[in-house]
Amino acid sequence: LGMYLALSAFALYELSVLGVFSHRVYVQLYVLVNCLFGYMIWVYPDMRRYNFALLLVGTVGSIAVVGWRLRPRINYWYLGTALTLFLVAFAIWELDLRGI
């Protein structure tokens, strides 16, 4: 659950930077989203990998939207490389789980 806590904090923070919601709503959404992820892990434990992958892609997407809108001076090469390596590792992991 710790991975979900960190990524949801990053994703929601990026959305609050854009002014989508206030800091008070940020805290409420953080608790609600992580309760939802905890429930999903408890009820559907086999889906935790896919849920985490979707959360990671959503987090990277929110970072990309903030970068596109606010145009901060950062090097996106590292972000793109990290996402590419994650997707390759995730694909290898899934292939290994399926015995391919």
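See above for the structure.
All figures in this text were calculated on a predicted structure; none of them were measured in a lab.

1. What to know about the nonpolar core
Then, in step 1: Counting six residues, the largest nonpolar core consists of Tyr 4, Leu 7, Phe 37, Phe 52, Leu 55 and Leu 56.
Then, in step 2: Contributions of two or more residues to this core are made by helix H1 (2-17) and helix H3 (48-70).
Then, in step 3: In terms of residue count, H3 provides more of this core than any other element does, three residues in total.
Then, in step 4: Other than its neighbours up to four places away in sequence, Leu 56 contacts Leu 7 and Phe 86.

2. Looking at the packing of H3 against helix H4 (residues 76-97)
Then, in step 1: Where H3 contacts H4, the two axes come as close as 12 Å, and the packing angle between them is 165 degrees. Viewed along their axes, H3 and H4 adopt a mutual orientation that is roughly antiparallel. Judged by the sense of rotation from one axis to the other, the crossing of H3 with H4 is left-handed. Along the contact surface, H3 presents Arg 49, Tyr 50, Phe 52, Ala 53, Leu 56, Val 60, Ile 63, Gly 67 and Trp 68, while H4 presents Tyr 76, Leu 79, Leu 83, Phe 86, Phe 90, Trp 93, Glu 94 and Leu 97.

What counts and what doesn't
- Residues numbered from 1 in each chain as written.
- Predicted model: local features only at pLDDT ≥ 70, side-chain atom pairs only at ≥ 80, totals over all residues.
- Heavy atoms only, no water.
- Core = buried A, V, L, I, M, F, W, Y, C linked by side-chain atoms within 4.5 Å.
- Buried < 20%, exposed > 50% of the residue type's maximum accessible area, 1.4 Å probe, protein only.
- Helix = DSSP H or I, 4+ residues; strand = E, 2+ residues; numbered from the N terminus.
- Contact = heavy atoms within 4.5 Å.
- Axes fitted to C-alpha atoms, helices over the stretch in contact; angles between N-to-C directions.
- Parallel < 35°, antiparallel > 145°, perpendicular 65-115°, else oblique.
- Left-handed = near helix turned anticlockwise from the far one by under 90°.

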